[in-house]
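# Working through the structure, step by step
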Amino acid sequence: MRTAQLLLLSFLVFLSIVVCGVSGAGNNVPRKNFYKNTRCPNAEQFVRDITWSKAKNDATLSAKLLRLHYHDCFVRGCDASILLDKVGTDQSEKEARPNLSLGGFDVIDDIKRQVEEKCPEIVSCADILALAARDAVSFPFKKSLWDVATGRKDGNVSFGSEVNGNLPSPFSDFATLQQLFAKKGLNVNDLVALSGAHTIGVAHCGAFSRRLFNFTGKGDMDPSLNPTYVESLKQLCPNPANPATTVEMDPQSSTSFDSNYFNILTQNKGLFQSDAVLLTDKKSAKVVKQLQKTNTFFSEFAKSMQKMGAIEVLTGNAGEIRKSCRVRN
């Protein structure tokens, strides 16, 4: 009898530990309104107000912050490692070649500084980046286009050597894109929807000039690119191109967040090779057609941004809340 009681007691203790452990882990998972019950309950409003005040004077801010968030999440997850300066001789993520054209670092620094003044050491840089990217894109609509779960911690390291092999390239073929997205828990729908971010922003000529002048190494152009569009691009980006020259990724619509990217894609005017290859796969081509409808694009983009924002996040005792986004504590 006593043995049975001891076994029952042991089982109850074990069950209690398991339940508490699961519950505790659940509390660490990023969730909506994470800061509501902290010493910074208005954190999200602070970030939105500052971001909107900056977006009002800079129509390019949405593309910069959206790209910065994307480049952060695909390397080490959404941990703000893209914001860290290098330590010693090791190259940081921001110094890796694919990241040299990123912008918006100063904006995140300023948002962080202002938030720290109101409530120090509460709001992570990873959350600020995720929120500011959403808020900058949402500014013209005066409402949030997608929900951002919060509660991320900031990472402690940043290695430039980890960028290639994790971050999709504008030269990627479809199989490579699909594989890289799958590694992050994202499917073909997410790949196409998130590619829709190319409806805003600009690109340097070097990211696509091979498609214009030397696609197969024989002085030819990419046959999948609209010939009339090629000629207009050649005017903007002669060979060799000026490294400082930029071109709209979505012609005449590069500061307007809309579904026009999918319209130009079906006209064979996708600027990058990674854009054009979305039409080479039967499933992704079908999604491209569906996302030509604005409401469908907005809805699917919102879902995919939420999934991307949850990639390999640090929570609980993992990571830290940086005092400055550029350096670990």
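Quick caveat, the model's predicted, so the values are computed rather than measured.

## Quick look at the packing of helix α6 (residues 174-183) against helix α7 (residues 188-195)
- Packing of α6 against α7 leaves a shortest axis separation of 9 Å and a crossing angle of 105 degrees. Between α6 and α7, the angle falls in the class roughly perpendicular. Between α6 and α7, the residues in contact are F174, L177, Q178 and F181 and V188, D190, L191 and L194, respectively.
- Of the residues in the contact of α6 with α7, the class split is six nonpolar, one polar and one charged.

## Notes on the environment of V163
- Here V163 lies in the loop between α5 (125-138) and α6.
- Look at V163 and you get buried, because its relative accessible area is 0%.
- When the C-alpha positions of V163 and H71 are compared, they lie 8.7 Å apart, and in sequence the two are 92 residues distant.
- In this structure V163 touches V75, E93, A96, P98 and N99, once residues within four positions along its chain are discounted.

## Some points on the state of the cysteines
- Tallied over the entire structure, the rule returns four disulfides.
- Disulfide partner of C125: C325, at an S-S distance of 2.2 Å. One disulfide, between C125 and C325, carries an S-S torsion of -100 degrees and so falls in the left-handed class. One end of the pair, C125, is in helix α5; the other, C325, is in the segment after α13 (294-308), with 200 residues separating them in the sequence.
- Classification of C125 as buried rests on a relative accessible area of 0%.
- Disulfide pairing is shown between C205 and C237; the S-S distance is 2.0 Å. Judged by the torsion about the S-S bond (-65 degrees), the C205/C237 disulfide is left-handed. Pair noted here: C205 is in the loop between β1 (202-204) and α8 (209-213) and C237 is in the loop between α9 (227-236) and β2 (246-248), with a separation of 32 residues, a long-range link. We note that C205, like C237, is buried.

## Observations concerning the layout of surface pockets
- Empty space within the largest pocket amounts to approximately 1300 Å³.
- In terms of lining, the largest pocket is formed by 47 residues, of which the most central are R67, H71, P98, S101 and F272.
- Of all the elements in the fold, those that place two or more residues in the lining of the largest pocket are α3 (61-73), α6, α7, β1, α11 (273-276) and α13.
- With seven residues, the top contributor of residues to the lining of the largest pocket is α3.
- Residue composition of the lining of the largest pocket, grouped by class: 26 nonpolar, 17 polar and four charged.
- Taken together, domain 1 (42-162) and domain 2 (174-309) each give at least three residues to the lining of the largest pocket, which thus spans both.
- In this structure, the second largest pocket occupies an estimated 320 Å³ of space.
- Of all the secondary structure elements, the ones that give two or more residues to the lining of the second largest pocket are α2 (43-55) and α5.
- At five residues, the largest contribution of residues to the lining of the second largest pocket is made by α2.

Thresholds applied
Residues numbered from 1 in each chain as written. Predicted model: local features only at pLDDT ≥ 70, side-chain atom pairs only at ≥ 80, totals over all residues. Heavy atoms only, no water. Axes fitted to C-alpha atoms, helices over the stretch in contact; angles between N-to-C directions. Helix = DSSP H or I, 4+ residues; strand = E, 2+ residues; numbered from the N terminus. Parallel < 35°, antiparallel > 145°, perpendicular 65-115°, else oblique. Contact = heavy atoms within 4.5 Å. Nonpolar A, V, L, I, M, F, W, Y, C, P; charged D, E, K, R; others polar. Buried < 20%, exposed > 50% of the residue type's maximum accessible area, 1.4 Å probe, protein only. Disulfide = S-S within 2.5 Å. 1 Å grid on protein atoms, 1.4 Å probe; cavity = no way out; pocket = protein on both sides within 12 Å on 5 of 7 lines; lining within 4 Å. Points joined across faces, edges and corners; volume = space filled by probe spheres on them. Domains from an automatic or database assignment.

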